[in-house]
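Summary of the model geometry
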Amino acid sequence: MPSASSPATPVRSLAAVNADIRALWERGGRLSPEGRREYERLLAEWAAVVRGDGAEAA
């Protein structure tokens, strides 16, 4: 039976995630629905990096 866990994904640095968040907001100050989803994904990645949980950052 295959394992339910996925292989470890390289974790980006906090600075890289922060840069992506800043760049997203610099595109115009308002987020489209797609931009909002990307922002939420980046926030989840940021939180995972802060917690040191690489599996959640994927």
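The notes below deal with the structure included here. (Residues numbered from 1 in each chain as written. Predicted model: local features only at pLDDT ≥ 70, side-chain atom pairs only at ≥ 80, totals over all residues. Heavy atoms only, no water.)

1. Thoughts on the packing of aromatic side chains
Under the counting rule described, the total for this entry stands at one aromatic pair. When the ring of tryptophan 25 is compared with that of tyrosine 39, the centres are 5.3 Å apart and the planes differ by 80°; the resulting orientation is edge-to-face. Placement of tryptophan 25 in helix H1 (residues 14-26) and of tyrosine 39 in helix H2 (residues 33-51) is noted, with a sequence separation of 14 residues between them. Judged by relative accessible area, which is 17%, tyrosine 39 ranks as buried. (Phe/Tyr/Trp six-rings, centres within 6.5 Å; stacked < 30°, edge-to-face > 60°. Helix = DSSP H or I, 4+ residues; strand = E, 2+ residues; numbered from the N terminus. Buried < 20%, exposed > 50% of the residue type's maximum accessible area, 1.4 Å probe, protein only.)

2. Details of H1
Taking 1.5 Å per residue, 13 residues should reach 18 Å; H1 reaches 18 Å between its end C-alpha atoms and fits that length. All buried positions along H1 are accounted for by Val17, Ile21 and Leu24. Relative to the axis of H1, the buried residues are bounded by an arc of 60° and lie together on one face. Away from its buried face, by an angle of more than 90 degrees, H1 presents the exposed residues Ala15 and Glu26. Taken together, the buried residues of H1 touch H2. (Expected span 1.5 Å × (residues − 1). Arc of directions from axis to C-beta. Contact = heavy atoms within 4.5 Å.)

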